[in-house]
Amino acid sequence: MSRMIGVVVCVVGWLITSAAAQPGQAAGAYQHAAVAADHVVASEAGVEMLKLGGNAVDAAVATSFCLSVVRPYSCGIGGGGFMLIYIPGDGDNQPRAVAINYRETAPAAVGPDYYVKLDDKSASRDGHHAAGVPGTVAGLLWALEHYGTLDRKTVLAPAIRAAQLGFVADADHVGLLDSLQRRFEADPKLAVSGAYIRHQLYRDGEVKVGDTISNPAQARALRLIAQHGADAFYRGEIADAIAQTMQANGGPITKQDLASYTVRVAEPLRGTFQGLDVLSMPPPSSGGVAMQQIFGLLERHFKQIGASPHNSPAYIHLLVEAMKHAFADRAEWLADADFVDVPIERLLSAAYLNERADSISMQRTNESQFYGSRTAGVEDGGTSHLSVIDANGMAVACTETINLSYGSLVVVPGFGFALNNEMDDFTTIPGEANAFGLQQSDRNLPEPGKRPLSSMSPTILLDDGRVVLVAGASGGPRIITATTQCILNCLLFDMTPRQAVAALRFHHQWMPNVLQFESAWPDPAVPSALQQLGHETGTTGSVGVVQLIRVTPEGIRAASDPRKGGAPAGY
Ligand code: GLY
C-alpha cells in the first residue's frame, strides 16, 4: 500500500489560500456568518457550505468531516460527539433547539467487569479493547438529513479533497506526533498497536511543519460515506474492516454492534445566567449540568464576582469553589441517564444550589469531602469543538472526540482513520481514576449499549430567542472549566472572543485536589494568595482549547483558541 502521507505539490489554490489566511482572520467582525474550528481548513469548509446557500448544520457537518482529516488525532469518523442546534423562530414557526447525542456505545460484549477481568490497566486506553462503537458518521448524517439543506456529496467534498490532495502540517500536528513518538519509544506495546500511525501517518518521524499531508485511505472511506450514507460505515465495507480488525486482535466490536448503533435525540438542558438563556448538553455529557451548576453558584455570589477583577485571587477562589462542587457531583451522580437514574432536577434545583452556595467561604477552601453531595464515598489531543452561526441566526455547537490523541491508536485497515478509546471514559476499574484523573461512580460502569460519561459541553446562549454566543472546547474535564471561563470573560469582563479565548485560565476538577494554573501565568502573587486560602496549587500546560463565536452590534466575532493554532472563517 502506498504511504498515506505524501508530499503533494502545492498547486491547489485553496490549500495555499487556507494556509495564508490564518493570521488576522479573527481580528474583524464578520457581517453574515462565521465558523470557528480548531483548524482553518475546517472552518473554511464550513464557510464554503454557507456560501453555497447551506445553513449552520450543513456548515457544521462539512467542518466536522474535514476535521476528521486535518485533526485526525483529535476527532474523526472513528469517534463520537454531541451537537446542539438552535433554529430561531420566524413568522410561522416557533424557535426550536435539539441536542444530538452520537456518543460511542459500549459493545454488546462489554459488561461492568470487562476491564477488571482483562487485568490490564491500559486495555481501556490503548488497542482494540479501548474502542467504543463509533457514532460520528451516524450523528452527522442524522443532523444533515433532519436539519441541513445540502446533499451528502456536497458537504463531504471539502473533507475528501483535504484527504486526497493534502493539507499543510502545522505546529500542533507535528508537536502531537512528536509526543506520540515519545510514547511509542517508552512503551513497546504501544508501538505495536500504533504501528500504522507510526509508520504510515507519521513516516517514522519525518513529518515537519509545512509538509503537505494526504490520507487517500480516509478519502476512500469518506467517498463511500458520500455515496452510500451511514450504511457504508455501519453495514458495508467499512463495517467489515472494523469487525475484521477487531476479530483478528481480540477486540469486542462486532458487525452487529455497528449495525445496531443509533443516534439519540433530546431536548437541550436549559438554564439562565445574567438574564441570558443557556442551552447545554444533557447526560451522558456532564458538562451541561456542571456548567449550569457553576453559573448558578456564581449568580448567588454575584456581589463578590462583580467586584472582583478578572483572574484576581477572589475571582479565582470563588470560581474554583463552584468548580469543586460541580466536579464532586459529576464524580458521584453523572452517567448515561438511559441506564441509571441521574438526579438532574435536584442537582440544578434552587434549593440545592442555595445550600451549596451558602457553604462557600471567601476566606478559605475546604477538604475534598466537603464538596458536592454523596451517598458514598492530559491532554486535549483527542477532542475538537466547532461553533457555527449562519446568516439567519441558526447556530450549531458541536464537540466531537476520539478521547485521547489518536484514540486507541488502532487505525482501521484500508480506511486511514483511528478508532476511539472512549471506553476509558467509563468507570473501567471501580475506585480508580481515568486517564484524565477523574473519579467516577459505579453509575458509570460499562454495560452493553451504554454511553460513557463525557465532559463535552457544547453551549449556546440566547437573548430573547436570539443567539448571542456559541462555545465549547476540547480538553477532557478542562472542557467544562475552559468553556465556563471563556463565557464569563465575555459576559462579565466584556472581552472580545479573541481576548476571551486567549486569556490565561485555571482548572480545578475537585479530585485531585489541586488548583492548576496555566504555566504561562505571569503573576506568582495570585497562586500565593490562593495558597493563603488553603488551595494547593500547581501548573499545567494548557486548560482546554476553546472555539467561541459572539454576536455583537458590530457583527459576528469569532475566535479559535491560539493554544492549538486554529483560525475561524466567515463572511
Ligand atoms: N473523551 C472526552 C470526553 O468526552 O469528555
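Fair warning: this is a prediction, and the values are worked out from it, not measured in the lab. (Residues numbered from 1 in each chain as written. Predicted model: local features only at pLDDT ≥ 70, side-chain atom pairs only at ≥ 80, totals over all residues. Heavy atoms only, no water.)

Asker: Sorry if this is basic, but what is going on with the sheet that holds strand 13 (residues 506–507) here?
Answerer: By definition, the strands of a sheet pair up through backbone hydrogen bonds, in either a parallel or an antiparallel sense. Ordered by their spatial adjacency, three strands build an open sheet running 13-14-15, and the pairing between neighbours is mixed. Edge strands, defined here as strands with exactly one partner in the open sheet, are strand 13 and strand 15 (537–540). When strand 14 (residues 515–518) meets strand 15, the two strands line up parallel, connected through four bridges. From the neighbouring strand, F517 faces strand 15, where its bridge partner is T539. Each of strand 14 and strand 15 is contacted by helix 21 (residues 525–532), which is oriented at about 175° to strand 14, the strand it contacts most. (Pairing = 2+ DSSP bridges. Helix = DSSP H or I, 4+ residues; strand = E, 2+ residues; numbered from the N terminus. Contact = heavy atoms within 4.5 Å. Axes fitted to C-alpha atoms, helices over the stretch in contact; angles between N-to-C directions.)

Asker: Please explain the packing of aromatic side chains as it appears in this structure.
Answerer: Think of a pair of aromatic rings as described by two things: how far the centres are apart, and how the planes are tilted against each other in angle. For the structure shown, the criterion picks out twelve aromatic pairs. Ring centres of Y315 and F493 lie 5.2 Å apart, and the angle between their planes is 85°; on these two criteria the pair is classed as edge-to-face. For Y315, a relative accessible area of 1% gives the class buried. With a relative accessible area of 22%, F493 lands in the partly exposed category. (Phe/Tyr/Trp six-rings, centres within 6.5 Å; stacked < 30°, edge-to-face > 60°. Buried < 20%, exposed > 50% of the residue type's maximum accessible area, 1.4 Å probe, protein only.)

Asker: For this particular structure, what's the right way to read the site of the ligand?
Answerer: The environment of the ligand is made up of R103, T401, N403, E422, D425, S454, S455 and M456. One of the side-chain nitrogen or oxygen atoms of S454 is found 2.7 Å away from an oxygen atom of the ligand. Protein burial of the ligand: of its 200 Å² of free accessible surface, 99% is covered by the chains. Among the residues making up the shell around the ligand, the classes are represented as one nonpolar, four polar and three charged. (Near = heavy atom within 4 Å. Polar contact = N/O pair within 3.5 Å; in protein donor to acceptor, adjacent residues only side chain to side chain. Areas by Shrake-Rupley, 256 points an atom, 1.4 Å probe, with all protein chains shown as cover. Nonpolar A, V, L, I, M, F, W, Y, C, P; charged D, E, K, R; others polar.)

Asker: Looking at this model, I keep getting lost on the nonpolar core. Mind explaining?
Answerer: Soluble globular proteins tend to bury their nonpolar side chains together. Of all hydrophobic cores here, the largest spans 96 residues; its most connected members are F65, M83, I85, I225, F233, I242 and Y406. The residues touching I242, leaving out its near neighbours within four places in the chain, are F233, I253, L258, V412, F417 and L419. (Core = buried A, V, L, I, M, F, W, Y, C linked by side-chain atoms within 4.5 Å.)

Asker: When you look at the environment of Y571 in this model, what are you seeing that I'm missing?
Answerer: Relative to the assigned elements, Y571 resides in the segment after strand 18 (568–570). The class of Y571 is partly exposed, set by a relative accessible area of 28%. Residues Y571 and Q547, 24 residues apart in the sequence, show an inter-C-alpha distance of 17 Å. Apart from residues no more than four positions distant in its own chain, Y571 is found in contact with Y30, Q31, H32, A33, V47, L50, K51 and A391.

Asker: What should I look at first to understand the pattern of salt bridges in this one?
Answerer: By the definition in use, this model includes 28 salt bridges. For K121, the salt bridge is made with E432, and the minimal N-O distance between the two is 3.4 Å. Among the residues examined, K121 registers a relative accessible area of 59% and is labelled exposed. Classification of E432 as partly exposed rests on a relative accessible area of 35%. (Salt bridge = Lys/Arg side-chain N within 4 Å of Asp/Glu carboxyl O.)

Asker: Explain the packing of helix 3 (residues 56–70) against helix 10 (residues 216–228) here, please?
Answerer: Any two packed helices are characterised by how steeply their axes cross, that is the angle between the axes, and by the distance between the axes. With their axes 10 Å apart at the nearest point, helix 3 and helix 10 run at an angle of 160° to one another. What the angle tells us is that helix 3 and helix 10 run roughly antiparallel. Judged by the sense of rotation from one axis to the other, the crossing of helix 3 with helix 10 is right-handed. For the pair helix 3 and helix 10, contact is made by F65, S68 and V69 and by Q218, L222 and I225, respectively. Partitioning the contact of helix 3 with helix 10 into residue classes produces four nonpolar, two polar and no charged. (Parallel < 35°, antiparallel > 145°, perpendicular 65-115°, else oblique. Left-handed = near helix turned anticlockwise from the far one by under 90°.)

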